[in-house]
Amino acid sequence: MDRMNFLSFLLLCLTSVANCNKANKHKPWIETEYQGIVMENDNTVLLNPPLFALDKDAPLHYAGEICGFRVHNGPSGSGSVQFEAVVLDRSTGEGLVRSKEPLDCESQREHSFTIQAYDCGEGPDGVNSKKSHKATVHVRVNDVNEFSPVFVERRYEASVPEGRLFDRIVRVEALDADCSPQYSQICFYDIITPNVPFAIDNDGNIKNTEPLDSKRQRVHTFWVTAFDCGKNRAQADAQVVVTVKPSCKPGWIGWTKRVEYTPGSGSIPLFPSLHLETCEETVWNIQATVELQTGHIGKGCDRDSYSDRSVRRLCGAVRGEVDLLPPPSPAANWTSVLPTLPSSDSSLVFSFNGSNHVAVVPNSVVSALSGDHFTLQLWMRRGGANIQPSATQSRGNRKEEETIVCSTVKNDDSYSHYSLSVHGCRLSLFYWPDVSAARPVKFLWKLEQVCDSEWHHLSLSVQFPSVTLYVDGVTFDPALIHDNGAIPNPAPRQRMLIGACWEPEEKQKEILNNTIPEGKDSVKFVGGYHGLLSGVTVRPGSVEPHSVVECLYACREGLDFGDLETLGSGMKVHVNPSQSVLVLEGDDIESFNRAVQQVTYRNSLRFATPGVRPLKLTTSLRCFNEESCLSLKQLEGYLVVLQPDAPQISLSGVGPHLARPAPEFEGPRGVPLFPELRIVCSLSHAVNTAAQGMEGGALMSDAVAHTLDGCEVQPLGEELNPEREELLVDMDVVRERGLDIINTTAYIAITGAESISVYEDVLRSVRYRLARGSGRFERRFRLSCSEMNGRYTSNELTLEVNFLHSLESLYHPSHLLASQQQFLHPSHHSGELSGHTLPNPHRNSVVPGAATVIIMVCVGFLVVMVILGVFRIRSIHRRGEGSRGGAKEGSNQWDDSALTIIVNPMESYESRMGISADTEGDGEEEEEEAAESPDDASDDQRIIIKKEGRDGNARRY
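Since this is a predicted model, take the numbers as computed values, not measurements.

### A short note on the overall build of the chain
Summing up its helical and strand segments, the chain has 19 helices and 59 strands in all. Relative to its 957 residues, the chain shows a buried fraction of 43%. For the chain, the proportion of contacts with a sequence separation of at least 24, taken over those separated by at least 6, is 71%. Summed over all atoms, the accessible surface of the chain reaches about 49,900 Å², with 50% contributed by carbon and sulfur.

Structure, rendered in structure tokens:
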């Protein structure tokens, strides 16, 4: 019996335990992140913190125990394949992470994956087991020094001249494939060949420990090895072969034939690693000449790409110059006989052949150039391509003086005469203050620029008796000033020629037997100019200061010296005015080499002209022994200016449509076309010159504001009709900013170099005005802007202008149509449209067209006819009733003799909507009101029928 009770009790306990195990209430818990380390030669991962999974169901059997861990893919997707996690103790939840296969630090140094713990559920079969959250595990593979250093080259060769010690002859290099810095770095090199006159440092630089003698040993061969920081030696040693040269060849070492320049880089060194080898020859003077050829770039070099007028404004020059060689046009036809040539800078170049190519400036232009204070400016190139020599030159007479400008102008009470000529390499100014009294004076300059067949700019400032000449912005004093003696006086006649001068009248009379044919021009031209001219202008009045002239015409590119403070003692630097030639002179080799490395090329233009600039380096040495002195050949290379980043000019802020009531356009100021215009100019990517540490880079940074030089507003379709429409510009703003404007019926052109904000202000002031009764419904305009003399252009912004007309303005006599127009176009719509730009014409139905007007007229006429028909039928009907009713109904008969109908279609509309508008009023007051204010009839939203009956009262329906 007791045994049976015990078995029952035991069964009850087991049943209770089983029932308790079914209550698996909690999930296992692990840390959210683990950091692990594993060695390359081991598979056990050491985790921090250690891997333990906890379960609040413990100490229950199964539910409180950890049965295992699952590994899931990490970000790399390979963690679950390479790693696994096992349970070491189910009751404590301790686990271990290990790799399934050997890991390689060189192929992948770090691994990431996620891990998840799960308990044993409610029984041995794991039913209803619970999982923990996923924790991230980062495993780093520690490197093992398994690789040895390997030399990049198995054999290194070098050649050195004999008798000298070198800091470095050759450099050897070895690499280690281990992944960690500890084992991948080369700690030191060693020469394993004994008794060699060489040493090696920890960086692999080999130098000689004693001067080498080619006669004793011509070739030195030895072996070197390398050790990493784990003291592993190189797998294979490297062989070094040093050849001793018996003699030294003097010359420049480190010459780079091609040098690239990125626009916006400021100044860059041309020869950063160049040095002169004299082979220990004793020299007491070294002179090097660096020549940069830029004659094929524009007019002699890279200059501002803006027009001459815009450049003058940017440099602060005084305005008022007169163009003597303007583009051919009906107003300036004296240049139409001259042939023109294309120019890379968009300027107009005229060709003169020394005989029949002469421009005769009209008197209307010459009369504005009087006075003995003036500035003559021009671009000149002697000779030139595609120009045939003159007849006198072809016969061998090449000593004739060539006249560029010849002029006689009238002053207050006298005539003055001057001529600018070239003769060989001399430039001369012949000036006659008073042709009737004073004697002439001739100023001479001897200039290489006159006869080098390159483009040069000449600026001649005359404040008689003072004369100043600027060539490419550099001042030159006259070489000779003298009285020219007895010369026949020029005739007191106002005239000016470009490209030649006229023959004296006395000589012409001798040729024509002292008779000049009347009505014919007997002037003969002499001293014809042979070459190219461009931008010939004269500005009367005060002359320009030197700083302005230098700004106007100085080259924006050229040679320069980096830092004069680093120039050694005894060194001299000379740069010619055009900065195309730089000369270095010194007596010390080391100082001279440092100075050569400081020679730079600079280009201050943001958008430099791309292309090739040839470079030449000529060196001359002077030794104590002149017979054995070194002779160096000329070095030639080229500088390549790369294509600059094109600026993107974007016009925005203006909708494609602009709708306004027509009366606004008919006002005295019209309507602004571009009130919210925005202009943005940007580069494709920024140029950071400050990071290069170069002088002048700040001037080329993207922070410099962009400058526009022209914008144009053009009506599309037919040109403007001056009698009906016009474009207005705020001339005060234009004059204040110093801009030029051309306003024609075909376009408005605003030119001049100015900032974007200035052009925005000017374009926002452009207004369009219509004449009253013009009857126009739409007009389209196109706006575009440009930069760098048209080199870069903006997008074309098209604007369609719509004019909103009312029917009352189109048909004044019809009050019925005026009322209907108010029904179709309520008055409050005009107030809403007057202050907004409509982005889409289809969004508002008030934009009229020809079809819309016809439809409205037809509908109005139909409504009138229907109403008249209704009243006519009603009148006939009442008359019929009156005839049947007899005389007693006669007092109530409808009398339409004094019927007046004012039609408004709103009544029929309101009646259909169920709105009652019947009111009583005084008929006489209504009649007086209508007489005094005829417009009130159109404002009334009802049909008013006035009847003069017996009661004398009006009725409203």
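### Re the sheet that holds strand β3 (residues 66-72)
What the seven strands build is an open sheet, ordered β3-β6-β7-β1-β2-β5-β4; its pairing is mixed. On the outer flanks of this sheet lie β3 and β4 (83-89), each paired with one strand and no other. Ignoring strand direction, the axes of neighbouring strands in this sheet form an average angle of 35°. Sheet topology places β4 next to strand β5 (residues 94-99); six bridges connect them, and they run antiparallel.

### Remarks on the nonpolar core
Formed by 43 residues in total, the largest nonpolar core has its most connected members in L324, L376, I498 and L533. Ranked by the residues each element gives to this core, the list is headed by strand β26 (residues 373-382), at four residues. If we skip the residues at most four places from it in the chain, L324 touches W334, T335, V361, V365, L369, M496, I498, V536, T537 and V538. By size, the runner-up hydrophobic cluster in this structure holds 37 residues, among which are L673, Y768, L770 and F781.

### Looking at the pattern of salt bridges
Applying the stated criterion across every chain, the model contains 17 salt bridges. E84 is the partner of R98 in a salt bridge, and the nearest nitrogen-oxygen pair spans 2.8 Å. Highlighted residues: R98 in strand β5 and E84 in strand β4, separated in sequence by 14 residues. Overall, R98 belongs to the partly exposed group, its relative accessible area being 30%. One salt bridge connects R782 with E796, and the closest N-O pair in it is separated by 3.7 Å. Of this pair, R782 sits in strand β54 (residues 778-787) while E796 sits in the loop between β55 (792-793) and β56 (797-804), and the two are 14 residues apart along the sequence. Judged by its relative accessible area of 25%, R782 is partly exposed. In this structure E796 comes out as exposed when scored by relative accessible area, which is 53%.

### Describing unusual backbone geometry
Cis geometry marks the peptide bond from N48 to P49; its omega dihedral reads 0°. Here P49 is to be found in the loop between β2 (44-48) and β3. Non-glycine residue N128 carries a positive phi angle of around 60°. Of note, N128 is situated in the loop between β6 (110-119) and β7 (135-142). Given a relative accessible area of 48%, N128 falls into the partly exposed group. The residue N195 is not glycine, and still its phi comes out positive at about 60°. Among the structural elements, N195 can be located in the loop between β12 (186-191) and β13 (198-200).

### Focus on the environment of S273
Residue position: S273 is located in the loop between β19 (267-269) and β20 (275-277). Separated by 17 residues in sequence, S273 and T256 place their C-alpha atoms 8.8 Å apart. With residues up to four places along the chain from it excluded, the contact list for S273 reads I253, G254 and Q597.

### Some details on the state of the cysteines
Disulfides are covalent bonds that connect the sulfur atoms of two cysteines. This model, assessed by the stated rule, comprises six disulfides. Residue C67 pairs covalently with C120 via a disulfide, S to S 1.8 Å. The sign of the 115° torsion about the S-S bond sets the C67-C120 disulfide as right-handed. Placement of C67 in strand β3 and of C120 in the loop between β6 and β7 is noted, with a sequence separation of 53 residues between them.

### Quick word on the confidence of the model for the chain
With 75% of its residues at a pLDDT of 70 or more, the chain shows a mean pLDDT of 76. For the chain, per-element mean pLDDT is lowest for strand β58 (residues 944-946), which scores 34, and highest for β13, which scores 94. Note that pLDDT drops below 50 for residues 385-398; the model gives that stretch 19 contacts with residues more than four away or on any other chain. Note that pLDDT drops below 50 for residues 686-704; the model gives that stretch 33 contacts with residues more than four away or on any other chain.

### Observations concerning the sheet that holds β19
Read across the sheet, three strands follow the order β19-β42-β39 without closing on themselves; strand pairing throughout is antiparallel. Looking at the sheet topology across the chains shown, the edges are occupied by β19 and β39 (557-561). Taking each pair of neighbouring strands and ignoring which way they run, the sheet shows an average axis angle of 30°. Where β19 lies against strand β42 (residues 599-603), three bridges are found, and the strand directions are antiparallel.

### Considerations on helix α8 (residues 546-553)
Along α8, the positions that sit buried rather than exposed are V548, V549, L552 and Y553. Buried positions in α8, seen along its axis, are confined to an arc of 105° and lie on one side of it.

### Re the packing of aromatic side chains
Applying the stated rule across the entire model yields 18 aromatic pairs. Residues F352 and Y529 carry aromatic rings whose centres are separated by 6.1 Å and whose planes lie at 65° to one another, so their mutual orientation is edge-to-face. With F352 in strand β24 (residues 349-353) and Y529 in the loop between β37 (525-526) and β38 (530-540), the pair connects residues that are 177 residues apart, well separated along the chain. The same class applies to F352 and to Y529, which are both buried. Considering the side-chain rings of F374 and Y418, the 4.7 Å spacing of their centres and the 25° angle between planes classify their relative orientation as stacked. Here F374, found in strand β26, pairs with Y418, found in strand β28 (residues 415-423); they are 44 residues apart in sequence, far enough to count as distant. Just as F374 is buried, Y418 falls in that class too. Every member of this aromatic cluster is reached through a ring pair, and the members are F374, Y418, Y431 and F464.

### Here's the deal with the side chain of S580
Tracing the backbone shows S580 in the loop between β40 (572-575) and β41 (581-586). Beyond its immediate chain neighbours, meaning those up to four positions away, S580 contacts V290, E291, L292 and L559.

### A closer look at a nonpolar patch on the surface
Together, W29, F52 and L54 line one region of the surface with nonpolar side chains, adding up to about 290 Å² of accessible area. Mapped onto the secondary structure, F52 falls in the loop between β2 and β3. Of the residues examined, F52 reaches a relative accessible area of 35% and is grouped as partly exposed.

Parameters and conventions
Residues numbered from 1 in each chain as written. Predicted model: local features only at pLDDT ≥ 70, side-chain atom pairs only at ≥ 80, totals over all residues. Heavy atoms only, no water. Helix = DSSP H or I, 4+ residues; strand = E, 2+ residues; numbered from the N terminus. Buried < 20%, exposed > 50% of the residue type's maximum accessible area, 1.4 Å probe, protein only. Contact = heavy atoms within 4.5 Å. Areas by Shrake-Rupley, 256 points an atom, 1.4 Å probe, with all protein chains shown as cover. Pairing = 2+ DSSP bridges. Axes fitted to C-alpha atoms, helices over the stretch in contact; angles between N-to-C directions. Core = buried A, V, L, I, M, F, W, Y, C linked by side-chain atoms within 4.5 Å. Salt bridge = Lys/Arg side-chain N within 4 Å of Asp/Glu carboxyl O. Disulfide = S-S within 2.5 Å. pLDDT = per-residue confidence, 0-100. Arc of directions from axis to C-beta. Phe/Tyr/Trp six-rings, centres within 6.5 Å; stacked < 30°, edge-to-face > 60°. Patch = residues over 30% accessible without salt bridge, like charges linked within 9 Å, V, L, I, M, F, W, Y side chains within 5 Å.

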